[in-house]
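# Coordinate inspection notes
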Amino acid sequence: MARLVSRITPLLSGPVVITLVMIALFSLLSEGFFSPSNAVNIIRQASVLALVSFGQTFVILLAGIDLSVGAVMGLTSCVTAQLMLAGHVHPAVAALFGIATAAVCGLLNGMVHSFLGLNPFVPTFGMWGMALGAALIITEERVITGFPSSLRFLHDGEFLGLPAPLFLVAAVFLLLHLFLRATPAGVATYAIGGNEAAARLSGIRVRLHKTAIYAFSGFMAGIAGILFLARSNAAQAIDTIGYEFDSIAAVVVGGTSLMGGKGGVAQTLVGVALIATLRNGLNMVGVNLYLQLVFIGLGLILAYVSESRSLLPFLRLRRAKEA
Amino acid sequence: MAEPLLKMEGVSKSFPGVTALSRVDFDLLPGEVHVLIGENGAGKSTLIKMLSGVYPCDEGRILLDGRQVAIGSVRAAQELGVATIYQEMNLIPELTVAQNILLGREPRKARGLLLDAGAARRQSAELLASLGQHIDPDAQVKALSVPQQQMVEVAKALSMAARIVVFDEPTDTLAEKETEALFRMIRLLKAKGIGIIYISHRLEEIQKIGDRVTVLRDGHLIGTLPVAEVRLDELIRMMVGREITDQFPRHRQPRGEVALEVKHLSVRGALHDVSLTVHRGEIVGLSGLVGSGRTALARVLFGVDRRDAGEIRLFGTPAAIDSPLAASKLGLAFLTEDRKALGLFQILPVSDNIILAAIQRLFPHLWIDARGERAAAQEYVARLRIQTPSLSQLVQFLSGGNQQKVVLAKWLATHAKLFILDEPTRGIDVGAKLEIHRLMDELVAQGTPIVMISSEMPEILGMSDRIYVMREGRMVGEFAHHEASQERILTCAVGG
């Protein structure tokens, strides 16, 4: 029993506790919140965020950042939609093409960052604009609808009584978790984030590795974009804008350090649960979408402060002034 | 005799495990250049840092103009008129000369609401002119040469009404002509009655610029003498005069085949026509002052920096070393001087740190099994007696000696065939030092030669089979261990 407790306690980190408290709170405030149907709902909503946040996690583990993911998701869904409707391409092929587009966006981010030595903010922010612009051009600024129903199964389908996206997220999560924990490339990711100069001196191909990780983040944004398309059943360039914000928030709130080298996809899964619960709960209670953004922003800052303990010197300074 | 500007009486400072300074007395007269010398680690910088408010002293007192003062912060030191000019300058490259000189104390106009750029320019130009300098106050600092930047630092010190100016190895980065200009400026400062503390490795400078000289060794005051009465060889003896105890367990090996051969290696601005040979069974010591090119050589050998000319042969074949990865594939290992910045992954566990460089050898199948990783790491933890509560302990929580052992373990795990060790025992306690020396002896006995850079004379003399001495990017001497002595090496290193 004591052993069980000691195994569970470390899992009860800040974000886990906050999520549990929120679930309790929203259950009291809203009748429909604590129900199986709403749980399934939350899972479906969370799965898009989870996929894009996994990619973001890898980038942040390298002490980088990928601001392009929201726009790249939009580009993916618009490319896929146009291929299906205007090009009459099979949905699966169209989706693969869309994902490949996203991966290329990520690859470009990575190459510009690693080989030109630019701060990742620059290429990924630039890519945000380029991907958004390209998506608007492809769709002629319209909302595109009327897809084959096979696409919707990805999001709406059920398997063994559980929502289909849950299986996708679980499989991806397990693969990535093992990758980070048990492969040389996974260890190298932490090493580069922990100390890039030392990693290079230890014989790690730092630039190649970083490029691959940004390409992977683009790839994950692509998959998330397809799932988003399946959910909304409509493609619009600006619909996914904001996922860069939510994904960074999920990664950081979960406990992966913006300084790199610390964290992982398990932490991100918790961060995603927290943000998805918060969004869903606020919805159920009737808080509008814009106020939700305010809450998430505030939560992000508080979580980061509590992680980095940067609050301490601030308090100390105040005390010194009072004295 | 004039009243001393500064008196430090019986000052002491210790850090965990080391006494950096033990009851040292030091004083400075107005208009005097007092030179402070000693080997690396003798306590020079500690003394200066206490004076400039970086560290508090544990014991002893500091008097300015005969009054005891407490120097609690860098700012306090500045307000008391103590300015320190470090090697790494404290200027902001993007700002102009005038902005840097008057930073935080800019002249104002319009009741203090606006900056008075004209007045700032005038004041800066006046200060620089009083130092015999004609530097444009509107020039950006990053566009200035190193000696010009030094002048700006001094002007900044004068603008804060400094009465004591400390120069920390100011000529290390200067050419001869620039050194002359610096000395002229120092004489101008002397004429103003400012007291100058001058730290240098270059003994020949002492006679040119110094009035008195103080020698420190191992944190103790060895003596303070007027420069006019002191000879160079006497100073060297005062600096190094230390018994070599049995810290250096060496079993001399017969010299084997040539392992590493470097011919005519050059790197623009760092190395000039450097050649050396390392045999199996040897520890080759690289001696020389800080900045003499030892680390630059090591970095080129390991592929961190590119070479402009020259040849490297490893075990008889030409080695194309263009990256650390290529070097480690060829069987080289490089323990860097700065273990925190370049060696360790502070926020990763001990086990990851140990396996990182050897990951391809240990796990060729793209898969790390946790048990295999633990077993590999445990082997080195045991062999090097790394004291850690567990393999998953983060490296940042280990002591300096154990951290250094972790970096060594990282390279041992690669089964490297030649080790380059840059300051392998810097800043670690005597016990860990001895263990690392034992390990080096073992490695050599097993046929793995070592190139060791060290600024500690006893270590160089005690561990090396052969010693190369570098100065200003060149090889200037080679000694077999039986013909080497502290005096001969130091004389060679300072160019005496």
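Shown above is the structure to which this text applies.
Residues numbered from 1 in each chain as written. Chains lettered and ligands numbered in written order. Predicted model: local features only at pLDDT ≥ 70, side-chain atom pairs only at ≥ 80, totals over all residues.

## Focus on the overall build of chain A
Put simply, the rule is: Secondary structure elements follow DSSP: runs of H or I no shorter than four residues count as helices, runs of E no shorter than two count as strands, and numbering proceeds from the N terminus. Throughout, radius of gyration means the C-alpha value; the globule benchmark is 2.2 Å times the number of residues raised to the power 0.38. The burial label depends on the number of other C-beta atoms within 10 Å of a residue's C-beta. Counts of 20 or more mean buried, 12 or fewer mean exposed, and intermediate counts mean partly exposed, with C-beta atoms placed from the backbone. Residues are treated as contacting if the C-beta atoms built from their backbones sit within 7 Å of each other.
Looking only at helices and strands, one finds 15 helices and 4 strands in chain A. For 323 residues, the compact-globule formula gives about 20 Å, and the C-alpha radius of gyration of chain A, at 20 Å, lands near that figure. Expressed along its principal axes, the backbone C-alpha trace of chain A runs to roughly 70 × 55 × 45 Å. Burial statistics for chain A: of 323 residues in total, 48% are counted as buried. Excluding contacts between residues fewer than 6 apart, the proportion of contacts in chain A whose partners are at least 24 apart in sequence is 77%.

## Some details on unusual backbone geometry
All names here are of chain B. Phi is positive for E169, which is not a glycine, with a value near 45°. Mapped onto the secondary structure, E169 falls in the loop between β9 (164-168) and α6 (176-191). Judged by C-beta crowding, with 20 C-beta atoms within 10 Å, E169 ranks as buried. Phi is positive for H415, close to 55°, though the residue is something other than glycine.

## A short note on the interface of chain A and chain B
Note the threshold: Three classes are used: nonpolar for Ala, Val, Leu, Ile, Met, Phe, Trp, Tyr, Cys and Pro, charged for Asp, Glu, Lys and Arg, and polar for all others, with Gly counted as polar.
If you look at the interface, chain A gives 17 residues, while chain B gives 24 residues. Elements represented by at least two residues in the side of chain A that touches chain B include exactly α9 (184-194) and α10 (196-201) of chain A. A total of 5 residues in the side of chain A that touches chain B trace back to one element, the largest contributor, which is α9(A). In the side of chain A that touches chain B, the residues fall into 8 nonpolar, 6 polar and 3 charged.

## As for the pairing of strand β20 (residues 450-453) of chain B
Residue and element names in this part refer to chain B. Defined as follows: Here a strand pair is declared whenever DSSP counts at least two bridges between the two strands.
Side chains of β20 alternate between two faces, with I450 and M452 and V451 and I453 buried alike. As paired elements, strand β15 (residues 283-288) and β20 share 4 bridges and run parallel to each other. In the sheet register, L286 faces β20, and the bridge partner there is I453. Bridge analysis of strand β19 (residues 418-422) against β20 gives 4 bridges, and the strand direction is parallel. What sits directly across from F419, in β20, is I450.

## Thoughts on helix α18 (residues 486-494) of chain B
Residues and elements named next belong to chain B. Under the convention used in this document: Taking the helix axis as origin, the arc is that swept by the directions to the C-beta atoms.
Buried within α18 we find Q486, I489, L490, C492 and A493. Projection of α18 onto a plane perpendicular to its axis shows the buried side chains occupying an angular sector of 160°, all on one side. Those residues of α18 hidden inside the fold are in contact with α8 (232-240), β15, α17 (457-463), β21 (466-471) and β22 (474-480). Among the residues trailing α18, G495 stands out with phi positive, at a value near 75°.

## As for the packing of helix α8 (residues 164-182) of chain A against helix α13 (residues 265-285) of chain A
Relative orientation and spacing of two packed helices are given, respectively, by the angle between their axes and the distance between those axes. Residue and element names in this part refer to chain A. For the record, the criterion: Comment: axis = line fitted to C-alpha atoms, over the contacting stretch for helices; angle = value between 0 and 180 degrees taken between N-to-C directions. Any angle between 65 and 115 degrees counts as roughly perpendicular, while under 35 counts as roughly parallel, over 145 as roughly antiparallel, and the rest as oblique.
Two elements in contact, α8 and α13, have axes separated by 9 Å at closest approach and are oriented at 140°. One way to sum up the angle between α8 and α13 is to call them oblique. Facing α8, whose interface residues are F173, L176, H177 and L180, α13 presents V265, A266 and L269. Of the residues belonging to the contact of α8 with α13, the class tally is 6 nonpolar, 1 polar and no charged.

## Focus on the nonpolar core
What counts, and what does not: When buried Ala, Val, Leu, Ile, Met, Phe, Trp, Tyr and Cys residues are joined through C-beta atoms within 7 Å, the set is termed a nonpolar core. Delimitation of the domains relies on an automatic or database domain assignment.
The biggest cluster of nonpolar side chains holds 238 residues, and the ones touching the most others in it are B:V165 and B:I420. Here the element with the most residues in this core is helix α11 (residues 206-232) of chain A; it accounts for 15 residues. Looking at this core, you find at least three residues from each of domain 1 (6-240) and domain 2 (260-494) of chain B. Other than its neighbours up to four places away in sequence, B:I420 contacts B:A298, B:L301, B:F302, B:L332, B:A333, B:F334, B:L335 and B:V451.

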